[in-house]
Amino acid sequence: MSKTCLIIGAGMSGLTAATELRTAGWNVTLVDKGRGVGGRLSTRRIGNSRLDHGAQFFTTRSTQFCRAAAAWQAAGWVAPWYTEDGHTRYRALGGMNALAKHLARHFHVQTETKIETLAVTGSHWQATSESGVTFEADALILTPPAPQSIALLGNLAPEVTTALSVIDYDPCFALLLTLDGPSLVPAPGYTRPAGGIIDWLADNTQKGVSEGPAALTIHATGAFTRKHLNTDPAEVTRLLLEDAAPYLGSTVTASQIHRWMYAKPVADNQSMCISAMHPAPVAVAGDALAGSRVEGAYLSGLAAARRICEIR
Ligand SMILES: Cc1cc2nc3c(=O)[nH]c(=O)nc-3n(C[C@H](O)[C@H](O)[C@H](O)COP(=O)(O)OP(=O)(O)OC[C@H]3O[C@@H](n4cnc5c(N)ncnc54)[C@H](O)[C@@H]3O)c2cc1C
């Protein structure tokens, strides 16, 4: 009988680990608390407009990820957007979440399933969701942000939670806007205004992701977001709009604001994944363990799957 692995989280790390384990003959169960797959590979709709909401692009530095990106490009899932500092920025066709959906195509991901408790019975993991559904597996891979994985593990694997406890994240406000005419965002559709409260501003129409005259994604800096964690979202929107004014060029027709609590890991940790044999095989993966990017999430998911294959 195939060995079984439960993977918590269907973002880039979880989907990569699932693909690797499936290839190695494992029986994989993937759960995610979100309404769909992708995690921070998130794309939202406002009317006919489509806006990348979390990750805006990915770069490729490692041989393994270059190979994966080349396969995704050949499949027509991703395409180069622009090149800066010698690194090509890839966009996903149809938005970053479409890439996650492609990667999830072989799996029946159990979405809207938030794991609340973990236990070990004998040498098996037992995970129970908020709605009382129980999952059992020989091995476990956790991919939520570190503080959430620590809370789930409790005192089950102290060496893992100790290693995770040093990881911190910057939060990020994301403001999404549709406009009734073209924006003034310079080609090829992004800017990083210096010295203000905006870290990144992109026009999803120019990027080739959205229909409509202009659809903007605005990310606030980590410092601004930390300072305004408890500020009324309407006031945060007003402050960001004030800073974004030189790039609007047309009237705002709709807006949405969202706060990513765990947007980007602060320090660059290169441990790839953290694992333990006892009380049952477990590995923790995520961008925080292999560079704070989509590529890091991919590499970490791959490392976690390989570690699980080794320790069984
Ligand atoms: C605003 C923003 C901008 C970014 N820009 C870029 C960029 O331009 N380029 C780049 O390379 N990277 C960027 N990133 C980072 C990139 O998005 C991440 O590195 C990558 O997507 C992380 O993937 P992951 O699988 O490690 O984590 P996640 O995508 O966070 O996946 C974790 C998953 O676990 C699920 N989960 C959590 N707890 C539970 C639970 N208890 N039960 C079930 N499921 C659970 C979550 O729903 C989530 O889907 C950005 C991130 C943000 C937020």
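Residues numbered from 1 in each chain as written. Predicted model: local features only at pLDDT ≥ 70, side-chain atom pairs only at ≥ 80, totals over all residues. Heavy atoms only, no water.

Student: Provide a residue-level description of the overall build of the protein, including the pertinent values.
Tutor: What the protein contains, in helices and strands, is nine helices and 17 strands. Against the 2.2 N^0.38 benchmark of 20 Å for 312 residues, the protein shows a C-alpha radius of gyration of 20 Å, consistent with a compact globule. Along the first, second and third principal axes, the C-alpha set of the protein runs to 65 × 45 × 35 Å. Total accessible area on the protein stands at roughly 13600 Å², and carbon and sulfur atoms take up 50% of it. Within the protein, the 25 negative side-chain charges are centred at a point lying 5 Å from the centre of the 26 positive side-chain charges. (Helix = DSSP H or I, 4+ residues; strand = E, 2+ residues; numbered from the N terminus. Rg over C-alpha atoms; globule rule 2.2 N^0.38 Å. Areas by Shrake-Rupley, 256 points an atom, 1.4 Å probe, with all protein chains shown as cover. Lys, Arg positive; Asp, Glu negative; His and termini not counted. Charge placed at Lys NZ, Arg CZ, Asp CG, Glu CD.)

Student: Summarise the nonpolar core; cite the residues concerned and give the values.
Tutor: One finds Ile7, Met12, Leu21, Phe58, Trp72, Leu99 and Ile141 to be the most contacted residues of the largest nonpolar core, which totals 46 residues. Of all the secondary-structure elements, those providing two or more residues to this core are strand S1 (4-8), helix H1 (12-23), strand S2 (27-31), helix H2 (63-74), strand S6 (87-92), helix H3 (96-103), strand S10 (139-142) and helix H9 (294-311). The element that contributes the greatest number of residues to this core is H9, accounting for 10 residues. Each of domain 1 (1-38 + 104-167 + 269-312) and domain 2 (40-100 + 169-266) accounts for three or more of the residues forming this core. With sequence-adjacent residues up to four places away left out, Ile141 is seen in contact with Cys5, Leu6, Ile7, Ile8, Ala17, Leu21, Ala283, Ala304, Ala305 and Ile308. Ile8, Ala146, Ala276 and Ala280 belong to the second-largest nonpolar core, a separate cluster that totals 26 residues. (Core = buried A, V, L, I, M, F, W, Y, C linked by side-chain atoms within 4.5 Å. Buried < 20%, exposed > 50% of the residue type's maximum accessible area, 1.4 Å probe, protein only. Domains from an automatic or database assignment. Contact = heavy atoms within 4.5 Å.)

Student: An account of the pairing of strand S7 (residues 115-121) is needed here, citing residue identities and associated values.
Tutor: In the sheet, S7 pairs with strand S8 (residues 124-129) via six bridges, with the strands oriented antiparallel. For Ala119, the partnering residue across the bridge sits in S8 and is Gln126. Counting the residues between successive antiparallel strands, the hairpin from S7 to S8 contains two residues, one of them, Gly122, with a positive phi of roughly 65 degrees. (Pairing = 2+ DSSP bridges.)

Student: Can you explain the sheet that holds strand S15 (residues 252-265)? Please cite residues and give values.
Tutor: A sheet is described by the order of its strands in space; here five strands give the open sequence S12-S13-S14-S11-S15, paired in antiparallel fashion. The open sheet terminates on both sides in strands that have one partner only, identified here as strand S12 (190-191) and S15. Running over the sheet, helix H8 (residues 233-248) touches strand S11 (169-179), S12, strand S13 (198-203), strand S14 (214-220) and S15 and is turned about 65 degrees from S11. (Axes fitted to C-alpha atoms, helices over the stretch in contact; angles between N-to-C directions.)

Student: Could you give me a rundown of the site of the ligand, with the residues and numbers involved?
Tutor: Near the ligand lie 31 residues; those nearest to it are Ser13, Asp32, Arg40, Phe57 and Asp287. At a separation of 2.8 Å, an oxygen atom of the ligand approaches a polar side-chain atom of Ser13. Contact distances for the ligand include 2.9 Å between an oxygen atom and a backbone N or O atom of Val294. Here the ligand has 1000 Å² of accessible area as a free molecule, and 94% of this is covered by the chains. (Near = heavy atom within 4 Å. Polar contact = N/O pair within 3.5 Å; in protein donor to acceptor, adjacent residues only side chain to side chain.)

Student: How would you sum up the domain arrangement of the protein? Please name residues and give values.
Tutor: Domain boundaries in the protein define domain 1 (1-38 + 104-167 + 269-312) and domain 2 (40-100 + 169-266). For domain 1 versus domain 2, the distance between C-alpha centres works out to 27 Å. Every contact between the two is made by 21 residues of domain 1 and, on the other side, 21 residues of domain 2. Counting across the domain 1 and domain 2 interface gives one salt bridge. (Salt bridge = Lys/Arg side-chain N within 4 Å of Asp/Glu carboxyl O.)

Student: Residue-level account of the packing of H1 against H9, with values.
Tutor: For any two helices packed against each other, the geometry comes down to the angle between their axes and how far apart the axes lie. For the pair H1 and H9, the least separation of the axes is 7 Å and the interaxial angle reads 40 degrees. By the angle between their directions, the pair H1 and H9 is classed as oblique. The chirality of how H1 crosses H9 is right-handed. Of the residues in H9, those in contact with Met12, Ser13, Thr16, Ala17, Glu20 and Leu21 of H1 are Val294, Ala297, Tyr298, Gly301, Leu302, Ala305, Arg306, Ile308 and Cys309. Grouping the constituent residues of the contact of H1 with H9 by class yields 10 nonpolar, three polar and two charged. (Parallel < 35°, antiparallel > 145°, perpendicular 65-115°, else oblique. Left-handed = near helix turned anticlockwise from the far one by under 90°. Nonpolar A, V, L, I, M, F, W, Y, C, P; charged D, E, K, R; others polar.)

Student: Describe helix H4 (residues 146-153), naming the residues involved and giving the relevant values.
Tutor: The α-helix winds at 3.6 residues per turn, so residues separated by three or four positions along the chain end up facing the same way. Within H4, burial applies to Ala146, Ser149, Leu152 and Leu153. The buried side chains of H4 occupy one side of the element, clustering within an arc of 125 degrees when seen end-on. Looking one or two residues beyond H4, the residue adopting positive phi is Gly154, at roughly 55 degrees. (Arc of directions from axis to C-beta.)

Student: With reference to specific residues and values, describe the pattern of salt bridges.
Tutor: Tallied over the entire structure, the rule returns 10 salt bridges. Across the pair Lys264 and Asp199 runs a salt bridge whose closest N-O atoms are separated by 3.8 Å. Taken together, the positions of Lys264 in strand S15 and Asp199 in strand S13 put the pair 65 residues apart, joining distant regions of the chain. Judged by relative accessible area, which is 25%, Asp199 ranks as partly exposed.

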